[in-house]
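Residue-level listing of the chains:
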Amino acid sequence: LKKAKNGEYVAFITNNNCFVIPELEIEITFYLKGNLVDTAQDGHDVILPNYTVVSSFGTYEDYDDVKYNISVEWGNDYINHSENVGIEYNLNSSKDVLVSISNNGSVDIREIEIIAVFYDQNNELLGVSSSCNIYDVGAEKTENKKLTLIGYELKPEIDHAEVYMNQAHTFFSIIDP
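Predicted model only: the values in this text are computed from it and were never measured.

Across its full length, the chain carries 0 helices and 14 strands. Starting at the N terminus, the α and β elements of the chain follow one another as β-β-β-β-β-β-β-β-β-β-β-β-β-β. Taking 177 residues into account, the globule formula puts the C-alpha radius of gyration at 16 Å, and the chain, at 17 Å, falls close to it. Projected onto its principal axes, the C-alpha coordinates of the chain cover approximately 60 × 40 × 25 Å. Sorting the 177 residues of the chain into buried and exposed places 42% on the buried side. Sequence-distant contacts in the chain: of pairs separated by 6 or more residues, those separated by 24 or more amount to 68%.

Moving on, we get to the side chain of Lys 155. Among the structural elements, Lys 155 can be located in the loop between β13 (142-147) and β14 (160-171). Take Lys 155: its relative accessible area is 15%, and that puts it in the buried class. Only 2.8 Å separates the side chain of Lys 155 from the side chain of Asp 96, close enough to count as a polar contact. Beyond its immediate stretch of four places on either side in the chain, Lys 155 contacts Ser 94, Lys 95, Asp 96, Thr 148 and Leu 149.

Here the focus is the confidence of the model for the chain. Per-residue confidence for the chain gives a mean pLDDT of 90; residues scoring 70 or more make up 95%. Here strand β7 (residues 78-80) stands out as the element of the chain with the lowest mean pLDDT, 78, in contrast to strand β9 (residues 97-103), whose mean of 97 is the highest. Across residues 173-177, where pLDDT falls below 50, the model places 1 contact with residues more than four positions away in sequence or in other chains.

Mapped onto the fold, Glu 27 is located in strand β3 (residues 21-32). By relative accessible area, Glu 27 is classed as partly exposed at 31%. Apart from the residues lying within four places of it in its own chain, the contact partners of Glu 27 are Thr 39, Ala 40, Gln 41, Lys 67, Tyr 68 and Asn 69. A polar contact is formed between the side chain of Glu 27 and the side chain of Gln 41, at a distance of 3.2 Å.

Turning our attention to the sheet that holds strand β2 (residues 9-14). Taken in spatial order, the 3 strands line up as β1-β2-β5 in an open sheet, and their pairing is antiparallel. In this open sheet, the two strands that pair with only one neighbour each are β1 (2-3) and β5 (52-57). Pairing geometry for β1 and β2, over 2 bridges, is antiparallel. Residue pairing in the sheet places Lys 3 in a bridge with Tyr 9 of β2.

Here the focus is the environment of Glu 25. Within the secondary structure layout, Glu 25 lies in strand β3. For Glu 25, a relative accessible area of 32% translates into the label partly exposed. If sequence neighbours within four positions are ignored, Glu 25 has contacts with Asp 42, Gly 43, Asn 69, Ile 70 and Ser 71.

A cluster of nonpolar residues, Leu 1, Phe 19, Tyr 68, Ile 70, Val 72 and Trp 74, forms a patch on the protein surface that exposes about 600 Å² of accessible area. Assignment of secondary structure puts Tyr 68 in strand β6 (residues 65-73).

Counting 21 residues, the largest nonpolar core has Val 97, Ile 112, Ile 114 and Phe 118 as its most contacted members. Contributions of two or more residues to this core are made by β9, β10 (109-119), β12 (132-137) and β14. Setting aside residues no more than four positions away along its own chain, Ile 114 makes contact with Ile 87, Val 99, Ile 101, Ser 130, Ser 131, Cys 132, Ile 134, Leu 147, Val 163, Tyr 164 and Met 165. Formed by 13 residues, the second largest nonpolar core is a distinct cluster that contains Tyr 9, Ile 21, Ile 28 and Val 66.

Cut-offs and rules
Residues numbered from 1 in each chain as written. Predicted model: local features only at pLDDT ≥ 70, side-chain atom pairs only at ≥ 80, totals over all residues. Heavy atoms only, no water. Helix = DSSP H or I, 4+ residues; strand = E, 2+ residues; numbered from the N terminus. Rg over C-alpha atoms; globule rule 2.2 N^0.38 Å. Buried < 20%, exposed > 50% of the residue type's maximum accessible area, 1.4 Å probe, protein only. Contact = heavy atoms within 4.5 Å. Polar contact = N/O pair within 3.5 Å; in protein donor to acceptor, adjacent residues only side chain to side chain. pLDDT = per-residue confidence, 0-100. Pairing = 2+ DSSP bridges. Patch = residues over 30% accessible without salt bridge, like charges linked within 9 Å, V, L, I, M, F, W, Y side chains within 5 Å. Areas by Shrake-Rupley, 256 points an atom, 1.4 Å probe, with all protein chains shown as cover. Salt bridge = Lys/Arg side-chain N within 4 Å of Asp/Glu carboxyl O. Core = buried A, V, L, I, M, F, W, Y, C linked by side-chain atoms within 4.5 Å.

Right, here's the structure in full:
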């Protein structure tokens, strides 16, 4: 959990296991003088081995302490297609990230979620974009999106960015005849 220059906390969560994590929830709690003042949650579905996902959390409340908790659920009916998704991106002159997401597989993907992480020239974490959900990406199709840093006052400081794919899945269910 890292605090970005824009005040948000950013969690980089890597699946270091040799198996898929079906569903992960992260909750962050903000405290002031020992009293709970705010809480926020985020979830990720079907994290493949060696993949990193990103969550961001912020609050408008005053706080002096932050804690987090991660939980895993071991059952869902999603099938991950991240291995079949290509991502290319670049930073434009307005300091936004332009992203091309390609479904290189033979199956339509129900949902792809991406997020951009922004850094200054000293590699200091400035913040992230809002997560972007792209729905119903057909096989062998490409979608283009623009991602912008949360906290416009920091845009002039942006030197580079990274784009993470938080999920790319379809839903699978068995229907009894």
